[in-house]
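# Structural overview for review
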Amino acid sequence: MQALPISPSCLNFAPGMVKVILHPHPDYLPKVPFSAVHPVILEAFCPPPFTTPEQEKSHRLCPVRALQAYIHRTSQLHKSEQLFVCYGGSNRGAAATKQTMSHWVRDAIALAYEARGQASPIVMAIELKELTANYTRVREHLRINNNYKEEFDVLRDQHEETLRKLNRFNNSTGCALCSVHWIHSGGKCYYFSAVKMNWTQSRDHCVTLGGHLVIINSKAEQDFVASKVKGTHWIGLNDLDTEGHWVWVNNQPLNNSLEFWMKRENGNNEPDNWTKDYPPGEDCTCLGHSLGATEFWIDAFCFEEKRFVCEAAAAV
């Protein structure tokens, strides 16, 4: 179809519109070497004069008539000699690609079946192809997840064994120990990150370190954590599942009598779920803001990258 041009030397309508002969472009090279290149001949359906109303109705489906109408209506669009051109978008008037023409043929066949009230085999084939692709993608995703689960189980067992060794050591020394780069306070260990991640990445990274994003359970803990950071840090509080229902990473709801949201003089307090810049709003909590103050909480967009605070039980 791409080899068919609109030049008069290649496109010939017979007298009376009884047929049309389309010769491929002289420069066309067939896929199969040495195969003969034949012209395309379209015969008219029920050409005039008509003897019955049925003949006149059938003539509306005449390919010769349809081709003449197509050439007339696209005469002002053509940017190349190719017969079939794109009729919309940035490629308007450009030669239609094989993919575009295959879509036209597919849609025409589907419309023909729909007009007869039948399911299109092409549409069903496409749906089957999409289902097969989705199945393959899900299967691969499950395979990857299973591999990650096995790795996680190994890491978890190694972590638990390390904690048991620390406990045995602590029982013999009476000391409460934290891992390297962690700070001990109040029977817990805290890790203050040097890198920035979004909230979800921060949560997952804390887990890989053997802890979780910090859960603040007292004013003393709030003061300790705030005193150790300079600038905003993620903590383990969010309302991702239900707007306004704040829960910690251990799925425990926020105790409203023990919260440290930022209060403003104009009454526009945190959390304010700011949606102007991002309609889904702010669903994750950080300690302090970018200006440096750290003694309060604010809600923020979860995709923002910040430093974060992890927490783990001290090995005692």
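Residues numbered from 1 in each chain as written. Predicted model: local features only at pLDDT ≥ 70, side-chain atom pairs only at ≥ 80, totals over all residues. Heavy atoms only, no water.

Turning our eyes to something else, we now look at the state of the cysteines. Formally, a disulfide is one covalent bond, and it connects the sulfur atom of one cysteine to the sulfur atom of another. In this structure the tally under the stated criterion is 3 disulfides. The disulfide partner of C206 is C310, and the S-S distance across this bridge is 2.0 Å. Across the S-S bond linking C206 and C310, the dihedral sits near -80 degrees, which makes this disulfide left-handed. A residue pair is termed long-range when its members are at least 10 positions apart, and C206 in helix α5 (residues 199–208) and C310 in strand β11 (residues 307–313) qualify at 104 residues. Considered together, C206 and C310 belong to a single accessibility category, that of buried residues. Through a disulfide, C284 is tied to C302; the S-S separation comes to 2.0 Å. Across the disulfide from C284 to C302, rotation about the S-S bond amounts to roughly 95 degrees, and the bridge is consequently right-handed. (Disulfide = S-S within 2.5 Å. Helix = DSSP H or I, 4+ residues; strand = E, 2+ residues; numbered from the N terminus. Buried < 20%, exposed > 50% of the residue type's maximum accessible area, 1.4 Å probe, protein only.)

Here 3 strands make up an open sheet; going across it, the order is β1-β2-β3 and the pairing antiparallel. If you trace the sheet from one side to the other, it starts and ends with β1 (11–13) and β3 (40–43), each paired once. With direction set aside, neighbouring strand axes in the sheet form an average angle of 10 degrees. Across the sheet, helix α2 (residues 63–73) touches β1, β2 (19–22) and β3, and the angle it forms with β1 is around 125 degrees. (Pairing = 2+ DSSP bridges. Axes fitted to C-alpha atoms, helices over the stretch in contact; angles between N-to-C directions. Contact = heavy atoms within 4.5 Å.)

The first and last C-alpha atoms of helix α3 (residues 98–115) sit 26 Å apart over 18 residues, in line with the 26 Å expected at 1.5 Å per residue. Positioned one or two residues after α3, G117 has a phi angle of 70 degrees, which is positive. (Expected span 1.5 Å × (residues − 1).)

Here we take up unusual backbone geometry. Between E270 and P271 the backbone carries a cis peptide bond, its omega angle lying at -5 degrees. Mapping P271 onto the fold places it in the loop between β8 (247–248) and β9 (284–287). One non-glycine residue, N273, lies in positive phi territory at about 45 degrees. Mapping N273 onto the fold places it in the loop between β8 and β9.

Burial in α2 covers these residues: V64, L67 and I71. Angular distribution of buried residues about the axis of α2 spans 65 degrees; they occupy a single face of the element. In α2, the exposed residues that point more than 90 degrees away from the buried face are H72 and R73. Of the surrounding secondary structure, the elements contacted by the buried residues of α2 are β1, β2 and β3. (Arc of directions from axis to C-beta.)

Attention now goes to the pairing of β2. The two faces of β2 differ: V20 and L22 on one face are buried, but K19 and I21 on the other face are not. Direction of pairing for β1 relative to β2: antiparallel, over a ladder of 3 bridges. Note that in β2 the partner of F13 across the bridge is V20. Hairpin connection from β1 to β2: 5 residues lie between these consecutive antiparallel strands, with G16 at a positive phi of about 80 degrees. Pairing between β2 and β3: 4 bridges, direction antiparallel. Opposite I21, over in β3, you have I41 as the bridge partner.

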